[in-house]
There are 2 protein chains.
Amino acid sequence: MVTKMVQINLKTKDIHISNLAKLVSGPNAILYKDEDLLAYDCDGFTIKRHLPRAVIFPKDTHEVSQIVKYCAKHNLPFLARGAGTGLSGGAIPLNNEVIISLVRMKRLLEIDLENRRAVVEPGFVNLKLTNSISDKGYYYAPDPSSQYACTIGGNVAENAGGAHCLKYGVTTNHILGLEVVLPNGDIIEIGKNGIPDAPGYDLLGLLTGSEGTLGIVTKITVRILKNPEAKQTVLAYFDKIDDGSKAVSDIISSGIVPAALEMMDKTAIEGVEAAAFPVGHPKDIEAVLLIEVDGITAGINDQINLILDVCQKRNVREVKAARDEAERGRWWANRKTGFGAMGAISPDYLVQDGVIPRSKLPEVLAKINQISEENGLRIANIFHAGDGNLHPLVLFDSRIPGETEKAIQAGSECLKACADVGGSITGEHGVGIEKKEEMRFVFHDHEIQAQTDIRDVFNPDYLLNAGKLFPAPGRCAEVKRELK
Amino acid sequence: MVTKMVQINLKTKDIHISNLAKLVSGPNAILYKDEDLLAYDCDGFTIKRHLPRAVIFPKDTHEVSQIVKYCAKHNLPFLARGAGTGLSGGAIPLNNEVIISLVRMKRLLEIDLENRRAVVEPGFVNLKLTNSISDKGYYYAPDPSSQYACTIGGNVAENAGGAHCLKYGVTTNHILGLEVVLPNGDIIEIGKNGIPDAPGYDLLGLLTGSEGTLGIVTKITVRILKNPEAKQTVLAYFDKIDDGSKAVSDIISSGIVPAALEMMDKTAIEGVEAAAFPVGHPKDIEAVLLIEVDGITAGINDQINLILDVCQKRNVREVKAARDEAERGRWWANRKTGFGAMGAISPDYLVQDGVIPRSKLPEVLAKINQISEENGLRIANIFHAGDGNLHPLVLFDSRIPGETEKAIQAGSECLKACADVGGSITGEHGVGIEKKEEMRFVFHDHEIQAQTDIRDVFNPDYLLNAGKLFPAPGRCAEVKRELK
């Protein structure tokens, strides 16, 4: 592969920046001035900020490999970044990293409908994939709420979920192959040609969700699915949140696997109704369920009727079905912009991401309510109820001294509540820098060690995305660079 | 945990055997005489045989850990074994290993219907799980043809598939948590409490399918599913195998995901009709498809009608639906005993296990036919057509000098044909010792190295199940013990 070298006259005394600039082609392929770097000092997790050394924009795998080799040779910390929508701080340059931004690598390389797969570059935006194939009757299933902006490379790093992952699984269930630049600059292909269940160790699974600590994904083969023949979406309003929780459990127990089964509590409803996409939810209810079923036309009504029965047994106040695709779209916009909607009722909010066995929903929601009262902070709940993936949103005002810390503490207590009932501290947002300490809620030291040992195989000099994901210092350079 | 120590008066001069015997409780907990060891010199892959040093039968995790610690301390090679039904030689003691048999650890520890999971010990037989919960309306999805005998621990090691994995996924998609004894004797828990998508690296995925080279699984949390409300099973007979192949592609393209979509060719039909479970397949056809759909009652007929349309467009000779559960059972017995049925038409057979993109079915089946002719050996095909997972069965007679080698060669050529169209060398049987060299068809040296580096993290002294899965010697003790 031949890369056109463009000599740029950089006004910098940093020799590494000058040298790195020679490895990428095209205009504006490197940023290094403080005013340009400011936009890269955090991602969707805005509570901690650090400036990178530079931000570099390779156009292909070869350029990524060259940059990585340069950083490895000169002992420069580096990390990869997509759209920066991550919610746990995985792309924050804690160590003044060189950020390798993959937004220029945004091509849709191949669509293979016959074998149900597509190949994309990491900077390709999630929703664009479905938009590119929907006229042919296909779609890409993982649908994080940020799908209009987030990139598939970032989705792979975080093993992103989404509302429809209840039925269709999270990102890892839809990745068939990866091309990866390792921290030494070597390029490997995993799950070649999109044949899943490849021999050898499951490196696909290992890389997916490794939060950018094992390698940089430069090409992704994903599974695409045929559009369901029919779908139906309903809203169910409950006076009592406990009834809503129990309805969730009952629906799953009935044998139906809804495409999505979302829940919002009273505070969340107040937020979404005050924000950009209100849909007229009653404000005096304690819970709304947004339930979607899909499949072949003949079976849809049976599923809906079963769900109606369950809801009625749980004292539902009202159930209504979407009259058309437009109404369905409005309901989903109301739900998917829910986190941001908290801005309408609070100066700041912190979103958390715990997972619990579904049967523990009433217990944990009560506990979150208690944490809210004890900390004197409102907590809204918007979540993927069907798979027990909670998103407590701690509302706070960062202008009030001490309140940010209190919000972080309340968020951590929510995760502890999840871990205590046999759950976990993240369903889809990742650990990043946000939940490093909370890893101790679910892992013993030697279990964390088993994982950092694996990291050290891939990332022995610990130059790639150091200080993320694990609480303990590794045995490598991390000790030196551990956060102040 | 307290283990009852039973002092057994062993007639052996092997001090290690005497010492190991003290670590396990109960009668007959260790075998060491040659006549007893003979039953453990191979598994379902019978072409290579080696005697173990001993076979030891721990009753719980603590005993496994003690045995492993003893082996690690005294540098004794060891490996774990379940029912020994594996087809790639993963449990063959190439290095005179101490075999740790897990058949005494066969308890069903927990059933949690509300959260759809069950906890089993590794020696629990696959089919028994479904049998234990079917009266409550649930089942365990992965259904290898050996499910009446194979154990779930072995299924995890091999990431076993099965006919119904087309719709429901292979073993790795149904494993929620593992307790694992590492090669140093440490015990770790992964995916605690059966919460999937745990934070940190996907060790669950890494361990699942690692063919017993990274650790010994001692407890398994699996996902259980609600029985489908209805299912329907049909047989479709095609005069031309090409038409059958194209029907497979068309069915998948239509958007239906059948629960199972199996194919047998003319030679395979000759075998199954001559064996224990004939069902009256016509002998002059080139292909039969066994198609099963499931779901809610209302939709089943629509799915079947769509499949009928597709088959008719592809010149099907006859389609018939199972009249009742008994007939369905007979059809599945006919299919699931298909490998063994080859014994009715050939003294020996070698089963292979390649994966291809579905669109390449006609091309690869033609190539297999050519390999058959060139080697002068009949090859039957019984396979999971829906997911492109081929099982060429090379028929041969080991009494004819040179024919075994020729069969191995033909099997390898079939895998090459799969790799050449962008496929893979194993779908569900694993690599073991059988396909080590064929790993080179799909991986470059540095890609294999990335995997053996991971193995060395878990298994640094390479005492656990050495000489399996990878072609190249590792950097550890393997070099010393590499096969003659």
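Residues numbered from 1 in each chain as written. Chains lettered and ligands numbered in written order. Predicted model: local features only at pLDDT ≥ 70, side-chain atom pairs only at ≥ 80, totals over all residues. Heavy atoms only, no water.

## Side note on the overall build of chain A
Logical step 1: The number of helices and strands found in chain A is 17 helices and 20 strands.
Logical step 2: Its C-alpha radius of gyration of 23 Å places chain A within 12% of the 23 Å reference for a compact globule of 484 residues.
Logical step 3: Along the first, second and third principal axes, the C-alpha set of chain A runs to 70 × 55 × 40 Å.
Logical step 4: Out of the 484 residues in chain A, the part that is buried amounts to 61%.
Logical step 5: Taken as a whole, chain A presents about 17,900 Å² of accessible surface, with 50% of it coming from carbon and sulfur.
Logical step 6: Taking the average place of the 54 positive charges on the side chains of chain A and the average place of its 63 negative ones, the gap between the two points comes to 5 Å. (Helix = DSSP H or I, 4+ residues; strand = E, 2+ residues; numbered from the N terminus. Rg over C-alpha atoms; globule rule 2.2 N^0.38 Å. Buried < 20%, exposed > 50% of the residue type's maximum accessible area, 1.4 Å probe, protein only. Areas by Shrake-Rupley, 256 points an atom, 1.4 Å probe, with all protein chains shown as cover. Lys, Arg positive; Asp, Glu negative; His and termini not counted. Charge placed at Lys NZ, Arg CZ, Asp CG, Glu CD.)

## Topic: the domain arrangement of chain A
How big an interface is tends to be expressed through the accessible area that disappears when the partners come together.
Residues and elements named next belong to chain A.
Logical step 1: Under the domain assignment, chain A is made up of domain 1 (2-101), domain 2 (108-226), domain 3 (228-345), domain 4 (346-433) and domain 5 (443-482).
Logical step 2: Taking the mean C-alpha position of each, domain 2 and domain 3 sit 28 Å from one another.
Logical step 3: Across the contact, 11 residues belong to domain 2 and 14 residues belong to domain 3.
Logical step 4: Buried area between domain 2 and domain 3, summed over both chains or domains, comes out near 970 Å², and the portion from carbon and sulfur atoms is 52%.
Logical step 5: For the domain 2 face of the interface with domain 3, the top three residues by lost area are His164, Leu166 and Lys167, together amounting to 51%.
Logical step 6: Run the count over domain 2 and domain 3 and you get 2 salt bridges. (Domains from an automatic or database assignment. Contact = heavy atoms within 4.5 Å. Buried area = accessible area lost by both parts, 1.4 Å probe. Salt bridge = Lys/Arg side-chain N within 4 Å of Asp/Glu carboxyl O.)

## Some remarks on helix H11 (residues 325-336) of chain B
Logical step 1: A rise of 1.5 Å per residue sets the reference length of H11(B), with its 12 residues, at 16 Å; its end C-alpha atoms lie 16 Å apart and thus fit the reference within 8%.
Logical step 2: Taken together, the buried positions of H11(B) are Glu327(B), Arg328(B), Trp331(B), Trp332(B), Asn334(B), Arg335(B) and Lys336(B). (Expected span 1.5 Å × (residues − 1).)

## Some details on the interface of chain A and chain B
Logical step 1: At the interface, 65 residues of chain A touch 65 residues of chain B.
Logical step 2: For the pair chain A and chain B, the summed buried surface comes to about 5,200 Å²; carbon and sulfur atoms form 58% of the total.
Logical step 3: Here chain A is connected to chain B by 0 salt bridges.
Logical step 4: Taken together, the connections running from chain A to chain B amount to 16 residue pairs in polar contact (both at pLDDT 80 or more).
Logical step 5: Counting residues per element, the ones that place at least two in the side of chain A that touches chain B are strand S9 (187-190), helix H7 (203-207), helix H8 (241-253), helix H10 (297-313), helix H15 (439-442) and helix H16 (445-458) of chain A.
Logical step 6: The leading source of residues in the side of chain A that touches chain B is H16(A), at 8 residues. (Polar contact = N/O pair within 3.5 Å; in protein donor to acceptor, adjacent residues only side chain to side chain.)

## So, the packing of helix H13 (residues 361-375) of chain A against helix H14 (residues 403-420) of chain A
Residue and element names in this part refer to chain A.
Logical step 1: The contact between H13 and H14 brings their axes to 10 Å, and the two run at 155°. Of the possible angle classes, the one that applies to H13 and H14 is roughly antiparallel. Handedness of the crossing formed by H13 with H14: right-handed. Contact residues: H13 offers Val364, Lys367, Ile368, Ile371 and Asn375, while H14 offers Lys406, Gln409, Ala410, Glu413, Cys414, Ala417 and Cys418.
Logical step 2: Counted by class, the contact of H13 with H14 contains 7 nonpolar, 2 polar and 3 charged residues. (Axes fitted to C-alpha atoms, helices over the stretch in contact; angles between N-to-C directions. Parallel < 35°, antiparallel > 145°, perpendicular 65-115°, else oblique. Left-handed = near helix turned anticlockwise from the far one by under 90°. Nonpolar A, V, L, I, M, F, W, Y, C, P; charged D, E, K, R; others polar.)

## Thoughts on the relation of the copies chain A and chain B
Logical step 1: Taken as rigid bodies, chain A and chain B are interconverted by a rotation of 180° and an axial shift of 0.0 Å, the fit giving an RMSD of 0.0 Å. Considering both components of the superposition, the chain copies are consistent with a two-fold axis. In terms of proximity to the rotation axis, the leading residue of chain A is Gly299(A), whose C-alpha is 2.4 Å off the axis.
Logical step 2: The residues that chain A uses at the interface reappear at the interface of chain B in 100% of cases, marking a shared surface. (Least-squares fit on C-alpha atoms with pLDDT ≥ 70 in both.)

## What about the side chain of Arg116(A)?
Logical step 1: Tracing the sequence through the fold places Arg116(A) in the loop between strand S5 (108-112) and strand S6 (117-120).
Logical step 2: Only 2.3 Å separates the side chain of Arg116(A) from the backbone oxygen of Ile252(B), close enough to count as a polar contact.
Logical step 3: Filtering out sequence-adjacent residues up to four positions away, Arg116(A) remains in contact with Tyr138(A), Leu176(A), Val222(A), Arg223(A), Ile224(A), Lys226(A), Ile252(B), Ser253(B), Gly255(B) and Arg358(B).

## What about the pairing of strand S18 (residues 379-383) of chain B?
In summary, the side chains of a regular strand alternate between the two faces of the sheet.
Residues and elements named next belong to chain B.
Logical step 1: With respect to burial, S18 is a largely interior element, 5 of its 5 residues being buried.
Logical step 2: Across the two faces of S18 the burial is the same, with Ile379, Asn381 and Phe383 and Ala380 and Ile382 all buried.
Logical step 3: Note that strand S13 (residues 260-265) and S18 share 2 bridges and pair antiparallel. Bridge assignment links Met264 to a residue of S18, and that residue is Ile382.
Logical step 4: Sheet topology note: the S18/strand S20 (residues 392-396) ladder contains 3 bridges and is antiparallel. The residue bridging Ala380 from the neighbouring strand is Leu393, located in S20. (Pairing = 2+ DSSP bridges.)

## Description of the environment of Thr61(A)
Residues and elements named next belong to chain A.
Logical step 1: Among the secondary structure elements, Thr61 is positioned in helix H3 (residues 61-73).
Logical step 2: The exposure class assigned to Thr61 is buried, which follows from its relative accessible area of 11%.
Logical step 3: Each residue touching Thr61, except ones within four places of it in the same chain, is listed here: Met105, Glu179, Val181, Ile187 and Thr218.

## Details of the state of the cysteines
Logical step 1: A complete count under the given rule lists 0 disulfides over all chains for this structure.
Logical step 2: Free cysteine: Cys165(A), not disulfide-bonded; nearest cysteine sulfur from Cys150(A) at 11 Å.
Logical step 3: When its relative accessible area of 6% is taken as the criterion, Cys165(A) is described as buried.
Logical step 4: The structure places no disulfide on Cys418(B), whose sulfur is separated from the nearest cysteine sulfur, that of Cys414(B), by 7.2 Å. (Disulfide = S-S within 2.5 Å.)

## Quick word on the side chain of Asn465(A)
Residues and elements named next belong to chain A.
Logical step 1: As for its position among the elements, Asn465 is in the loop between H16 and helix H17 (478-481).
Logical step 2: Looking at Asn465, its side chain comes within polar contact range of the main-chain oxygen of Gly90, at 3.1 Å.
Logical step 3: There is a polar contact of 3.1 Å between the side chain of Asn465 and the backbone oxygen of Glu211.
Logical step 4: Apart from the residues lying within four places of it in its own chain, the contact partners of Asn465 are Phe78, Leu79, Gly90, Glu97, Glu211, Gly212 and Thr213.

## Things to note about unusual backbone geometry
Logical step 1: Even without glycine at this site, Asn96(A) takes up a positive phi of about 55°.
Logical step 2: Looking at the secondary structure, you find Asn96(A) in the loop between strand S3 (78-81) and strand S4 (98-101).
Logical step 3: You will see that Asn465(B), though not glycine, has its phi angle at about 50°, which is positive.
Logical step 4: Among the residues examined, Asn465(B) registers a relative accessible area of 1% and is labelled buried.

## Comments concerning the packing of aromatic side chains
All names here are of chain A.
Logical step 1: Evaluation of the coordinates by the stated rule reveals 6 aromatic pairs over all chains.
Logical step 2: Look at Tyr40 and Phe57: their rings are 6.5 Å apart centre to centre, the planes differ by 75°, and that puts the pair in the edge-to-face class. Residue Tyr40 is found in the loop between helix H2 (34-37) and strand S2 (54-56), and its partner Phe57 is found in the loop between S2 and H3; the two are separated by 17 residues along the sequence.
Logical step 3: A relative accessible area of 8% means that Phe57 is categorised as buried.
Logical step 4: Here the basic side chain of Lys416 rests over the ring of Phe441, its NZ or CZ set 5.7 Å away from the ring centre. (Phe/Tyr/Trp six-rings, centres within 6.5 Å; stacked < 30°, edge-to-face > 60°. Lys NZ or Arg CZ within 6 Å of the ring centre and 35° of its normal.)

## Quick look at the sheet that holds strand S4 (residues 98-101) of chain B
All names here are of chain B.
Logical step 1: Reading across the sheet, the 4 strands line up as S1-S2-S4-S3 and stay open at both edges, with mixed pairing between neighbours. For this open sheet the edge positions go to strand S1 (30-31) and strand S3 (78-81), each flanked by a neighbour on one side alone.
Logical step 2: Inspection of the sheet shows S1 paired to strand S2 (residues 54-56) by 2 bridges, in the antiparallel sense. From the neighbouring strand, Leu31 faces S2, where its bridge partner is Val55.
Logical step 3: Strands S2, S3 and S4 of the sheet are contacted by helix H3 (residues 61-73), whose axis makes an angle of about 170° with S4.

## Some thoughts on the pattern of salt bridges
Residue and element names in this part refer to chain A.
Logical step 1: Applying the stated criterion across every chain, the model contains 50 salt bridges over all chains.
Logical step 2: Its salt-bridge partner being Asp445, residue Arg440 comes within 3.4 Å of it at the nearest N-O pair.
Logical step 3: Under the relative-accessibility criterion, Asp445 is labelled exposed at 58%.
Logical step 4: Each of the salt bridges in this network shares a partner with another, and the network as a whole consists of Lys59, Asp60 and Glu63.

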